[in-house]
Amino acid sequence: MSYIRHGHLPGEYIARHRHEEHQLVYVSDGILAVRTDHGAWVAGAQRAVWIPAHTWHEHGVHGHTTVHTLMFPTGRTTLPYTTPTVIAVGPLLRELLIACTEPGLAPAERRRLLGVINDRLLRADITALQLPTARDPRLAAACRLVLKDLSQPRTLTWLAGRVGVGERQLGRLFRAEFGGTYPQWRTNARIFQAMIELSEGATVTQAAHRCGWATPSAFIDTFTRVMGRTPGSYRG
């Protein structure tokens, strides 16, 4: 196994690659957007991303970012997930992940930390915030239109007209591929982008406007419900 701690500057991009081992990516400062053929995820202070072995992925860095990565051999996997998965990181697991990637840590101490990390990972909650990649070209086109400018409140009717499909059929595509409604997907997309905006220094009001909320208070309510903390504390 390998354990790495490294820093990245805002705007850095790590090109598409894959590993022979499973990888757990945790970010103690800043934001790392992880994109794979399955979709996009955000790794931050409260979420780590599990990337199974041989999964092609790329990273985008937002804000001054400190990344902690743990590699797990395929024969001794800690988690059973065969696709990228977002894992909630509580205070104890956070400190364990940071400590385990300290440079020069004695092997015996690292083994003891890993034993506790394995136990906590198996008990950790799995979080649902992700942006899955659409397979149907009409659905993919609709998603691109929304993501191009989240400040605009695009309706399902408007999207259906632009991509040349019936409104009901487009709604069925969202449910079939993403397991939820169009408004649910759009909320996740807005939260996803808001996390990036906040990590890059935007104020709560600026993030709310750029991501399509009518008022900062509506943004705060939604962000807090989804993320379990206020956007102000997340920005801090």
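The following paragraphs examine the structure supplied in this document. (Residues numbered from 1 in each chain as written. Predicted model: local features only at pLDDT ≥ 70, side-chain atom pairs only at ≥ 80, totals over all residues. Heavy atoms only, no water.)

1. Quick word on the packing of helix H6 (residues 182-199) against helix H8 (residues 216-227)
Filter applied, for reference: Helix axes are fitted to C-alpha atoms over the stretch in contact, other axes to C-alpha atoms as well, and angles between N-to-C directions run from 0 to 180 degrees. Working definition: helices are DSSP H or I runs of at least four residues, strands are E runs of at least two. Numbering for both runs from the N terminus. To sort the angles, those under 35 degrees are grouped as roughly parallel, those over 145 as roughly antiparallel, those from 65 to 115 as roughly perpendicular, and the leftovers as oblique. Throughout, a residue-residue contact means that at least one pair of heavy atoms, one from each residue, lies within 4.5 Å. Amino acid classes used here: Ala, Val, Leu, Ile, Met, Phe, Trp, Tyr, Cys and Pro are nonpolar; Asp, Glu, Lys and Arg are charged; the rest, including Gly, are polar.
Packing of H6 against H8 leaves a shortest axis separation of 11 Å and a crossing angle of 95 degrees. By the criterion of interaxial angle, the relationship of H6 to H8 is roughly perpendicular. Along its contact with H6, which presents Thr187, Ile191, Ala194, Met195 and Leu198, the element H8 presents Phe219, Thr222, Phe223, Val226 and Met227. Partitioned by chemical class, the residues of the contact of H6 with H8 number 8 nonpolar, 2 polar and no charged.

2. Quick notes on unusual backbone geometry
Outside of glycine, negative phi angles account for most residues, and trans bonds account for most peptide bonds. A positive phi is found at His54, a non-glycine position, where the angle reads about 70 degrees. Within the secondary structure layout, His54 lies in the loop between strand E5 (47-51) and strand E6 (57-72).

3. Topic: the layout of surface pockets
Rules: Detection works on a 1 Å grid of protein atoms alone, calling trapped sets that fit a 1.4 Å probe cavities and calling open sets with protein on both sides within 12 Å along at least five of seven lines pockets, with lining residues defined by an atom within 4 Å of a point. Grid points are joined across faces, edges and corners, and a volume is the space filled by probe spheres set on the points.
Approximately 420 Å³ is the volume attributed to the largest pocket. What lines the largest pocket is a set of 22 residues, among which Arg35, Ala40, Leu131, Thr133 and Leu147 lie closest to the centre. Among the elements of the structure, strand E3 (22-36), strand E4 (39-43), strand E9 (131-132), helix H3 (137-148) and H6 are those that each provide at least two residues to the lining of the largest pocket. The dominant element in the lining of the largest pocket, judged by the number of residues it contributes, is H6, at 5 residues. When its residues are assigned to classes, the lining of the largest pocket shows 13 nonpolar, 4 polar and 5 charged.

4. Concerning the packing of aromatic side chains
Threshold: The pairing test for Phe, Tyr and Trp rings, Trp by its six-membered ring, is centres within 6.5 Å, and the orientation test on the planes gives stacked under 30 degrees, edge-to-face over 60, and tilted for anything in between. Whether a residue is buried, partly exposed or exposed follows from its accessible area with a 1.4 Å probe, protein chains only, as a fraction of its type maximum: under 20%, in between, or over 50%, in that order.
Here the structure, examined in full by the defined rule, presents 8 aromatic pairs. Arranged with centres 6.4 Å apart and planes meeting at 25 degrees, the rings of Tyr182 and Trp185 form a pair that is stacked. Here Trp185 and Tyr182 lie together in helix H6, a separation of 3 residues that amounts to about one turn. Each of the two residues, Tyr182 as well as Trp185, counts as buried. Aromatic side chains Phe219 and Phe223 sit 5.6 Å apart centroid to centroid with 70 degrees between the ring planes, which places their arrangement in the edge-to-face category. On the criterion of helical spacing, the pair formed by Phe219 and Phe223 is a turn pair, its members being 4 residues apart in helix H8.

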